Amino acid sequence: MVLSPSPAPTPAPAPAPAAAAAPARTKLTHSGGVLQKNREFLDFFWDIAKPEQEIRLMAISGLLEYLRSSEGDDLEYTIQRLIEGLAATRETARPGFSLALAQVLQCKETILLRTILEQIKKKHDINITKKKFIRNAVFGNFFGVLALSQSGRLIKEPDILLESIQLLQSLSKYRQYLRDLPAKTIMDILSETPENVFKKILFGALQEDMSSAFSTPAQLHLLLVALQRFPKVLKPKNLKKLLGSSAILSPENVAKLIELLKVAARSVKKDQTLPPLALDLVRVTLQEGTFEMFWKDVVENGLLKEPSGPTSYFCFRLLGASLPLLSLSQLNLVLTGEVMRQYGDHVVIAQLPKRFRFGPEMTNLVDSFLESTQDEAKQFMVIKGFSSLTNYGHPVIPSYWKVVCRLQSSVLVKYVDWLKNMFTSPDFDICTEFSTKRQKENKQAIDRTQHSVVRLRSWIVARLISIVDNWQVKKEEDLVMDIARFIFFHAFFGAKRYTSDIPETEVTLTIPLDEKTRDMMESSFFCLLNHLNSLPPLGDSAELGDKNEKRVFGVTADGNLWIYCLVQYASVLLSQERSVQAVKPFTQIQRKAWDRMLQSVEDLQKKSKTARKQEASAFQLLFLLVGIQLFKVGEDSLALLSDLHKCVEEWEQKKIKKHSTHVTRKEEPDWVEVMVEILLSFLSQPNRLMRQVSKMVFTRICPHVTKEALQLILDVFNPESEEGEESALIVTEDFEKSQTKADWSNDDEMEDESDSDESEEEEDDNDDGADDSDEDKSEEDAEEEREEAVDENFRMELMKVLQTTNAISKEGESSSDEEADDETMMALDKNIAALFSERKKRLQAAKDKKEKMMKEKALRKNFKIKVLDLIEVFLAKQPENPLIFDIIEPLIAIIEENLSSHSNQQEQDYLRKAADIFKNQLCKAKTYCQNISEMKEDLHKLMERLVSRASKQSDSSVSLYCFSGALYLLRVLKGKAINPAITDKTEKGEKAKTGQVDSFGNMDMKKVTELYQGALTLFMTRRKCSLTGSMFGNLFSRFPVMCERLLPLAIVSITDGIREHQRGQACCLVLQALQSQDVRQSFPGDKWNELITEVISQVTQCLKTVTAVKLKVEQEEVRKCLELVQFLVKTVTQQRLDISLAELTSVLQSLEELEDACKISDLYWHVMKLLGFKKPQKVKVKAQLPNPAAAPGPLKKKKGFLPETKKRKNWKKKKTPTLENEQIKKENPDGKSDEAPKATSDRMDKKKKKKFRKRKKTPKENAAGNTEKTQEPPAKKSKKKSDGGKSNQLG
């Protein structure tokens, strides 16, 4: 049991209403109402003992209300019952009774505390209690004192307070039950005791405990609490009398404190918390001015020397918890000491799997400190101290640390400046550097300084980017721009001399950047661009914006793109050639391309204010992105810039010639096609920024997409075009590898370091594990080689090598003893080794080729997943574009190709995304193309292909997508017309002019009807068909006009369906059609009667063929027929149609006689009830037990005897037949006896008598004097009598 006594008196719960005072209970009626009242009163005590806290609180509140309004001896009984409950056996009941007693004492101040304390001592007297009840008595005394303390009246009566303290002191020896609870309760009482009461009464009682403060942690904690609560009483001279020293921390007490803190650390090992003793000790040392001695001598030189884990974690928790109590100098002492180094060592080693990690707990401690303090200097000191804890230059805290969001704005700016200074001028003297044990033992000749600088700079860049990326960090635009300029400058430029126009030139690099760091910064810069492109508005602009206005991401407060601001900064750097030098200087062609790009961007900015804003912004974004890539890949960017300029020129020309009626088609591709090719090249790169920009640009230019441009996108999904993509994808793979090498992720680096940072004890285990893994790997390789089919060419080559040295004897020749000399054998060994080495290389090359093909396949699949983004954008932004119809079949082809292959997660994601786009973006689109008069013939042909494709599928799920696509086309062709019947003569005349007499909208009804009639016929007549009834149900519900024309075929299929499933589905379709209001209106008058008559006839004929309902398909068929019959009968009776139901009734009556008809009984009798029949009620007859005396039958086999089939055969040799056995065989040759043996029957009678003596007689039996024996069912007594008789005779 874990109990935390409340330091302050718990106030009485608020009075609850009478209705809510206690749960609703059954009202007991009594003449005087006493029984009802007592029941409600006693139930309070039962609820107080329940484990649910809400029920306990409600019971206590109800009890208080009851006592306020009651009169008599209820209060006395309540006190007695609550005191008894203090020693309850259940752990959850004792705190409830203690709290209830405290509330009663607080509510009824007339009750004397002395009386209550005497009753507690008397009721739970440990001296007279039996040994097995001592535990309950100890808890009774403890919770009794706790109730007195929580009542708030204990301080007012000093005598009772003293007796309570003395009682708690006497309970301290029962540590096996109470642990430190008495000491904690004494401390809580002291926190509420006035100083004069402590000085006069409690000081003498607690003097002995405080004198032995260095004996146990609880006594030390008591002294520390008293020192903080009563400093005037425990003056240095009084403390010297108690301890022999005027201060808690003195040189002679250091060893004692260390041992006590070790005990306290081990006591909370399972709880993983900091003992309260620790923080109180820190506060006392701060008061005494001995904190430095405490931290150096007790913590670092004492506790840290202990190799056990609990003491180390104790020191870590003490460091994090004591941060709010320390000054700047003390924070510097703590954050640069040995505890921090040991914490860093733990963080590095804990990266290994299955290790306890203290990092998250330290993060929470630092986060709470930064949130609670408003001192900027302390915040900066702590964040700087943890960032300076480095292992070979790499800080141990993650680059994405959530505590940064707690920093104030001024502290964040100061922290960013410190990070930039550490990047330009790494100073490891101010860092708390540490090395693990294995790193110290590793004495390889490595330039540690350069290695540390690279690691530190990589972490700093990652930390700066994480500040920009974390939306919880409160930052201004100036800070974000400062970080972006800093990373861009050091990624692509270097400073020659200082200039005021470029602040980054103010500080020069003390250690030049190496090539690896440059590559890392280039990749990091484009990662930063991705974050900037999706960055929400910052500062006041985010707060002043309208809530209903759509938020624009990736722009500054003045509306400029972040990337545009960086391009302007790059232009300034290029113009300052005297002060700044580019890492890769521009050639003249590149510089002209850069200037032309800037001019184009300015022109597009002016045009973006016109009506064609979307296209201009798309070109502007592409120009900026490709232009800034000139610093990384110059040649490729030049070609892209040239293509973009041509696109802009052609776009402007088309803008001028938009009023011309006819424009001749040029041989060169359209500007949209070039733009799509550029976007596809962006998507082929493993760069999230490129993917995001491609999606944004395509969103703005998709209104201009032509059929050729869309075909370029669709060709990506064509399997025949994969061969042409192979070369581009291989280049992409290399780029991805280079980017992975320059990844600035902190987690990967820490994992790499953790491989070499372990304790000495685990080193051998890991080495053994590595050896085992190498052996397993070699065994796997050997198995793969064995599994390889033996190449015939290799066998022939091996035979030739052996034959050249006469190593193999020819047929008919015997091998001699001396076959070859040593030189010949050595040459043979070399040849064989060379042959096997060549074969091994060949196998490895084949294996590498296979892996390369798998990687290329994964790259192609990833590329296709990205291209699906463009399809999704086009469907979302251009739902009325007629080019959408060209997307239907490619998407279905993707689903067909990938549905059967679920080899890996990537293919599943690809299939899921394609199916989601087809289902949600295409088929469920709210708007669709309206102007289809010129392409209606093509749409009809496309619909025919989709329906045919659906019927030929092997998987019904693929067929569903094909059928859904056909329904989408049907909706498009149908248009917005509602009434399918053309009654107006003018409309008929107009349709006759167009040659579509039977059409509806743009839909050729004759063709469509024939198409779906064929599909429905196929579904009803083929045993294995991928079409399903739900597909036609969807067709009937969405298009009633088709329902009317397919209804006759569905009615015929009720009897002509090839299987039970098809006949049942036909009934469902007919029922769905008859329930449609549109179908009802299309059959007026007698036509409706004829239709109902025909359906009844078909259902009757179908039910006549039913011979059994055993199988599930048979039950389903009958159930569907009965549902249709139910509707038909209701229709005939409610509409009073002149239709005879006699034949149907007779057929239904015959169904009752079928086997297993009970499985459809409910629905069947519901239908029969509509026809006027009632379900017969079954008469339940009680089974009468027969009289065992009168009923002849075999006797029950005696228990304990094995049957003949269970006996072991041939256990002993067969004995010679005796005369008695021979006589038995002669009398009964087949081994059966006419009567049960007498011995067996006698035993059974005795056993039955004993059994009935034990059984208790019922009142009826006692009255009648009948002692009938119960007889078991005959099935359990069907054993042969010969078993018992034979065993007795042969025995």
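What counts and what doesn't
- Residues numbered from 1 in each chain as written.
- Predicted model: local features only at pLDDT ≥ 70, side-chain atom pairs only at ≥ 80, totals over all residues.
- Heavy atoms only, no water.
- Helix = DSSP H or I, 4+ residues; strand = E, 2+ residues; numbered from the N terminus.
- Buried < 20%, exposed > 50% of the residue type's maximum accessible area, 1.4 Å probe, protein only.
- Contact = heavy atoms within 4.5 Å.
- Areas by Shrake-Rupley, 256 points an atom, 1.4 Å probe, with all protein chains shown as cover.
- Patch = residues over 30% accessible without salt bridge, like charges linked within 9 Å, V, L, I, M, F, W, Y side chains within 5 Å.
- Salt bridge = Lys/Arg side-chain N within 4 Å of Asp/Glu carboxyl O.
- Lys, Arg positive; Asp, Glu negative; His and termini not counted.
- Charge placed at Lys NZ, Arg CZ, Asp CG, Glu CD.
- Expected span 1.5 Å × (residues − 1).
- Phe/Tyr/Trp six-rings, centres within 6.5 Å; stacked < 30°, edge-to-face > 60°.
- Lys NZ or Arg CZ within 6 Å of the ring centre and 35° of its normal.
- Core = buried A, V, L, I, M, F, W, Y, C linked by side-chain atoms within 4.5 Å.
- Pairing = 2+ DSSP bridges.
- Axes fitted to C-alpha atoms, helices over the stretch in contact; angles between N-to-C directions.
- Parallel < 35°, antiparallel > 145°, perpendicular 65-115°, else oblique.
- Left-handed = near helix turned anticlockwise from the far one by under 90°.
- pLDDT = per-residue confidence, 0-100.
- Polar contact = N/O pair within 3.5 Å; in protein donor to acceptor, adjacent residues only side chain to side chain.
- Nonpolar A, V, L, I, M, F, W, Y, C, P; charged D, E, K, R; others polar.

*Asks:* Pulling in residues and values, what's your account of the overall build of the chain?
*Replies:* Across its full length, the chain holds 56 helices and five strands. The proportion of buried residues among the 1291 residues of the chain is 43%. Of the contacts made within the chain by residues no fewer than 6 positions apart, 76% connect residues no fewer than 24 positions apart. As displayed, the chain offers around 71600 Å² of accessible surface, 50% of which is attributable to carbon and sulfur atoms.

*Asks:* Could you give an account of a positive patch on the surface, naming the residues involved and the relevant values?
*Replies:* Residues Lys199, Lys200, Lys232, Lys235, Lys237 and Lys241 make up a contiguous surface patch of positive charge. Those elements that place two or more of their residues in the positive patch are α10 (195-211) and α12 (236-243). You can call Lys237 exposed: its relative accessible area is 58%.

*Asks:* Explain the environment of Leu973 to me, and be specific about the residues and the numbers.
*Replies:* Tracing the sequence through the fold places Leu973 in helix α42 (residues 956-974). The sequence separation of Leu973 and Cys929 amounts to 44 residues, and the corresponding C-alpha distance is 9.3 Å.

*Asks:* Tell me about the pattern of salt bridges, and please be specific about residues and values.
*Replies:* As enumerated under the stated definition, the model contains 33 salt bridges in all. Among the ionic contacts, a cluster of salt bridges with common partners joins Arg114, Lys121 and Glu163.

*Asks:* Help me get a handle on helix α14 (residues 276-288), residues and values and all.
*Replies:* Over its 13 residues, α14 runs 19 Å from end to end, which matches the ideal 18 Å to within 8%, given 1.5 Å per residue. Looking at α14, one finds that the buried residues are Leu277, Ala278, Asp280, Leu281, Val282, Val284 and Thr285. For α14, the secondary structure elements touched by its buried residues are α11 (217-229), α13 (254-267), α15 (291-300) and α16 (309-321). Positioned one or two residues after α14, Gly289 has a phi angle of 80 degrees, which is positive.

*Asks:* Explain the packing of aromatic side chains residue by residue, including any values.
*Replies:* Following the criterion strictly, the structure yields 40 aromatic pairs and no others. Centroid distance Tyr343 to Phe358: 6.4 Å. Interplanar angle 80 degrees. Geometry classified as edge-to-face. Note that Tyr343 is positioned in helix α18 (residues 338-349) and Phe358 in the loop between α18 and α19 (359-372), a separation of 15 residues in sequence. Between Phe423 and Phe486, the aromatic rings sit 5.4 Å apart at their centres with planes inclined by 75 degrees, giving edge-to-face as the arrangement. Of this pair, Phe423 sits in helix α21 (residues 409-424) while Phe486 sits in helix α24 (residues 477-492); the two residues are 63 residues apart in sequence, bridging distant segments of the chain. Classification of Phe486 by relative accessible area gives buried; the value is 4%. Taken together, the ring pairs connect Phe488, Phe492, Phe493, Phe525, Phe526, Tyr569, Phe586, Trp594 and Phe631 into an aromatic cluster. We note Arg457 situated over the ring of Phe423; from NZ or CZ to the ring centre the distance is 5.2 Å. The ring of Trp1088 carries the charged tip of Arg1080 above its face, separated from the ring centre by 4.3 Å.

*Asks:* Would you mind going over the nonpolar core in detail, with residue names and values included?
*Replies:* Core analysis: the largest hydrophobic core is formed by 346 residues, its most contacted members being Phe294, Phe386, Phe698, Tyr1012, Leu1035 and Leu1148. Looking at which element gives the most residues to this core, the answer is α24, with 11 residues. When sequence neighbours within four positions are dropped, the list of residues in contact with Leu1148 reads Leu1103, Leu1122, Val1125, Tyr1164, Val1167, Met1168 and Leu1171.

*Asks:* How would you explain unusual backbone geometry if you had to name every residue and give the values?
*Replies:* One non-glycine residue, Tyr392, lies in positive phi territory at about 55 degrees. For Tyr392, the position within the fold is in the loop between β1 (389-391) and β2 (394-395).

*Asks:* Can you break down the sheet that holds β1 residue by residue, with the values?
*Replies:* Taking strand neighbours across the sheet as the criterion, the three strands line up as β2-β1-β3 in an open arrangement whose pairing is mixed. With partners counted over all chains shown, the strands left at the sheet margins are β2 and β3 (432-434), one partner each. With two bridges joining them, β1 and β2 adopt antiparallel strand pairing. Along β2, the bridge assignment pairs Thr390 with Pro395.

*Asks:* Describe in detail the packing of helix α27 (residues 562-575) against helix α28 (residues 588-607), supporting the description with residues and values.
*Replies:* It is at 12 Å that the axes of α27 and α28 come closest, and there the two elements cross at 140 degrees. Between α27 and α28, the angle falls in the class oblique. Viewed along their axes, α27 and α28 form a crossing whose handedness is left-handed. Two secondary-structure elements touch here, α27 through Tyr564, Val567, Ala570, Ser571, Leu574 and Ser575 and α28 through Arg591, Trp594, Met597, Leu598, Val601 and Gln605.

*Asks:* Go over helix α41 (residues 936-951), please, and point to the residues and values.
*Replies:* Taking 1.5 Å of rise per residue, 16 residues should cover 22 Å, and α41 covers 23 Å from first to last C-alpha, within 8% of that figure. Turning to α41, its buried residues number three or more, namely Lys936, Leu939, His940, Leu942, Met943, Leu946, Val947, Ala950 and Ser951. Residues of α41 that are buried make contact with α39 (885-899), α42 and α44 (1005-1021).

*Asks:* Outline the confidence of the model for the chain, listing residues and values.
*Replies:* Per-residue confidence for the chain gives a mean pLDDT of 79, with 76% of residues at or over 70. Scored below 50 in pLDDT, residues 1-36 shows 56 contacts in the model against residues more than four places distant or in partner chains. Considering only residues more than four positions removed or in separate chains, one finds that residues 807-817, a stretch of pLDDT under 50, has four contacts.

*Asks:* How would you summarise the environment of Cys1102 if you had to cite specific residues and measurements?
*Replies:* As for its placement among the helices and strands, Cys1102 is situated in helix α49 (residues 1086-1104). In this structure Cys1102 comes out as buried when scored by relative accessible area, which is 1%. Separated by 42 residues in the primary sequence, Cys1102 and Glu1060 have C-alpha atoms spaced 9.8 Å apart. Cys1102 has contacts with Ile1054, Thr1055, Arg1063, Glu1117 and Cys1121, leaving out every residue within four places of it along the chain.

*Asks:* Lay out the side chain of Gln219 with the relevant residues and their values.
*Replies:* By the element assignment, Gln219 lies in helix α11. Side chain to side chain, Gln219 and Ser212 meet in a polar contact 3.2 Å long. In contact with Gln219, other than residues within four places in its own chain, are Asp209, Ser212 and Ala213.

*Asks:* Describe the packing of α21 against α24, naming the residues involved and giving the relevant values.
*Replies:* At their nearest, the axes of α21 and α24 sit 11 Å apart, and the two run at 10 degrees to each other. Considering the angle they form, α21 stands roughly parallel to α24. In this structure, α21 contributes Leu412, Val413, Val416, Asp417, Lys420, Phe423 and Thr424 to the contact, and α24 contributes Leu479, Asp482, Ile483, Phe486 and His490. Class assignment of the residues belonging to the contact of α21 with α24 gives a composition of seven nonpolar, two polar and three charged.

*Asks:* Lay out the environment of Lys936 with the relevant residues and their values.
*Replies:* Relative to the helices and strands, Lys936 is located in helix α41. Distance from Lys936 to Val972, taken between C-alpha atoms, is 9.5 Å for residues 36 residues apart in sequence.

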